[in-house]
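Descriptive analysis of the structure
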Amino acid sequence: MMVCNGNTALGLGVMASGMDMVSMYPITPATSASHYIAEVYDQVGGFVHQAEDEIAAMAFAIGSSFSGKTACTITSGPGMALKTELMGLAVMGEIPLVIVDVQRGGPSTGLPTKVEQGDLLSSMFGMPGDAPKIILAAATIAECFHFPILARKLAESFRGPVIVLTDANLATGVQPWPRPELQEEWLAAPVDQSEWDSSVPAYDWDEETGLSQRPIPGQPNGMYVLTGLSHTSRSKVAYDSETNQTTMQHRSRKLATLQSTLKPPKINGDEEGDLLVVGWGSTLVPSRRRSISCAPRVPRSPISIYALSHHWSRA
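Predicted, not measured: the structure shown is a model, and the values here were computed from it.

Each value, and the rule that gives it
Residues numbered from 1 in each chain as written. Predicted model: local features only at pLDDT ≥ 70, side-chain atom pairs only at ≥ 80, totals over all residues. Heavy atoms only, no water. Helix = DSSP H or I, 4+ residues; strand = E, 2+ residues; numbered from the N terminus. Rg over C-alpha atoms; globule rule 2.2 N^0.38 Å. Buried < 20%, exposed > 50% of the residue type's maximum accessible area, 1.4 Å probe, protein only. Contact = heavy atoms within 4.5 Å. Salt bridge = Lys/Arg side-chain N within 4 Å of Asp/Glu carboxyl O. Core = buried A, V, L, I, M, F, W, Y, C linked by side-chain atoms within 4.5 Å. Pairing = 2+ DSSP bridges. Axes fitted to C-alpha atoms, helices over the stretch in contact; angles between N-to-C directions. pLDDT = per-residue confidence, 0-100. Expected span 1.5 Å × (residues − 1). Polar contact = N/O pair within 3.5 Å; in protein donor to acceptor, adjacent residues only side chain to side chain.

Here we take up the overall build of the chain. A count of helices and strands for the chain gives 10 helices and 11 strands. At 19 Å, the chain has a C-alpha radius of gyration in line with the 20 Å of a compact globule built from 315 residues. Projected onto its principal axes, the C-alpha positions of the chain cover 60 × 50 × 40 Å. Across the 315 residues in the chain, those meeting the buried criterion constitute 52%. In the chain, 78% of the contacts between residues at least 6 apart in sequence involve partners at least 24 apart.

Now the structure itself:
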């Protein structure tokens, strides 16, 4: 068994995932994660970048991910607000990225040391236009460790940002959890430096899944111009309605593809009733105290969010 808080588990998960760059600006209650990572990251070849502000931290992480190695940025609610435009760039440019939001009370600077799960809707919808993304919600300190590993894999498979939601309760709370046995498959694969087939566009979207292989700028023939503007499959800026509609459909298809692999939630109690209680994230612990069991790793909504570890009870 291990005994630590959620932010330490988060740092361990980042290292176990094979991500070797974390960029962040200090913000309560996320800061201690960077403190821990900065102390030990060099032992596994990692690098912590403390940016001058939240926007710069996001830009630094995106640039690192664009170069071929998926990066991570860790923040809280106010920082998520500042990262919004660049998060949209990661969606439009289809750049793998892991964003951790250690939630606190709000709005504005709110309650820096108090717990709240107030960032769910802003994580889903808080940016211009149609910007679908994957969202995971950790329910336990163990999931604070495992979810960065899962998030990196999803970000690379689906070419886009993955948000991991924790909160102050998990960040500062301490509990024992099963000591993980490290697995090589958790680590990121080496950056592909084989020659890219120049006949394949940078966004060679599959018509059914919306997925595409990602060229790496350092690959021979793998260079392309990254843009946050609407673009064709060859990353050429395009303002026509047909191109814009096509690219939006492909980005949404990716999440529909992910949804098809997930299991529906288990309902605890009767199949019908007058009241349905839906919990997510760290509400698992108090719900267990009320004898409400947990059905982990299930989808919540068909398009914009896949918030894992929900626990449902029907009364």
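A few words now on the side chain of Thr 73. Its place among the elements puts Thr 73 in strand S4 (residues 72–75). Residue Thr 73 is classed as buried on the basis of its relative accessible area, which comes to 0%.

This paragraph deals with the pattern of salt bridges. Scanning the entire structure with this criterion turns up 4 salt bridges. In this structure, the salt-bridge partner of Lys 83 is Glu 54, at a minimum N-O distance of 3.1 Å. Of this pair, Lys 83 sits in the loop between helix H4 (77–82) and helix H5 (84–93) while Glu 54 is found in helix H3 (residues 54–66), placing the two residues 29 residues apart along the sequence. Accessibility classification places Lys 83 together with Glu 54 in one group, the buried group. Linking Arg 152 and Glu 156 is a salt bridge whose minimum nitrogen-to-oxygen distance equals 2.7 Å. Of this pair, Arg 152 and Glu 156 both sit in helix H7 (residues 141–158), 4 residues apart, which is roughly one turn of the helix. In this structure Glu 156 comes out as partly exposed when scored by relative accessible area, which is 30%.

Counting residues in hydrophobic clusters, the biggest one holds 43 residues, and the most contacted among them are Cys 72, Ile 74, Val 100, Ile 134, Leu 136, Phe 145 and Trp 177. Sort the elements by how many residues they give to this core and H7 lands first, with 10 residues. If we skip the residues at most four places from it in the chain, Val 100 touches Leu 10, Cys 72, Thr 73, Ile 74, Thr 75 and Val 164. If you look at the next biggest cluster of nonpolar residues, it comprises 22 residues, including Ala 71, Val 91, Leu 120 and Met 127.

A word on the pairing of strand S5 (residues 97–103). By the criterion of burial, S5 is predominantly enclosed, with 7 of the 7 residues buried. As defined by bridge partners, S4 adjoins S5 across 4 bridges and the pair is classed as parallel. Pairing of Thr 73 across the sheet is with Ile 99, part of S5. With 7 bridges joining them, S5 and strand S7 (residues 161–167) adopt parallel strand pairing. The partner of Asp 101 across the bridge, within S7, is Leu 165.

Bringing the pairing of S4 into the picture now. Across the two faces of S4 the burial is the same, with Cys 72 and Ile 74 and Thr 73 and Thr 75 all buried. In the sheet, strand S2 (residues 21–24) pairs with S4 via 2 bridges, with the strands oriented parallel. By the bridge assignment for S4, Ser 23 is matched with Thr 73.

On to the sheet that holds strand S3 (residues 47–50). With parallel pairing, 6 strands are arranged side by side in an open sheet as S3-S2-S4-S5-S7-S6. Both edges of this open sheet fall to S3 and strand S6 (134–137), since each of them pairs with a single strand only. Averaged over all neighbouring strand pairs, the angle between strand axes comes to 20 degrees, with direction disregarded. Pairing geometry for S6 and S7, over 4 bridges, is parallel.

Another point: the confidence of the model for the chain. On average, residues of the chain score 89 in pLDDT, and 90% of them reach the 70 mark or higher. Within the model, the stretch residues 289–315 combines pLDDT values under 50 with 104 contacts to residues more than four positions away or in other chains.

Moving on to H3. With 13 residues, H3 should cover 18 Å at 1.5 Å per step; its first-to-last C-alpha distance of 18 Å lies within 8% of that length. Taken residue by residue, H3 has Glu 54, Ala 56, Ala 57, Met 58, Ala 61, Ile 62, Ser 64 and Ser 65 as its buried positions. Residues of H3 that are buried make contact with S2, S4, H4, H5 and S5. Regarding H3, its N-cap is Asp 53, as a side-chain oxygen of that residue lies 3.2 Å from the backbone nitrogen of Ile 55 further along.

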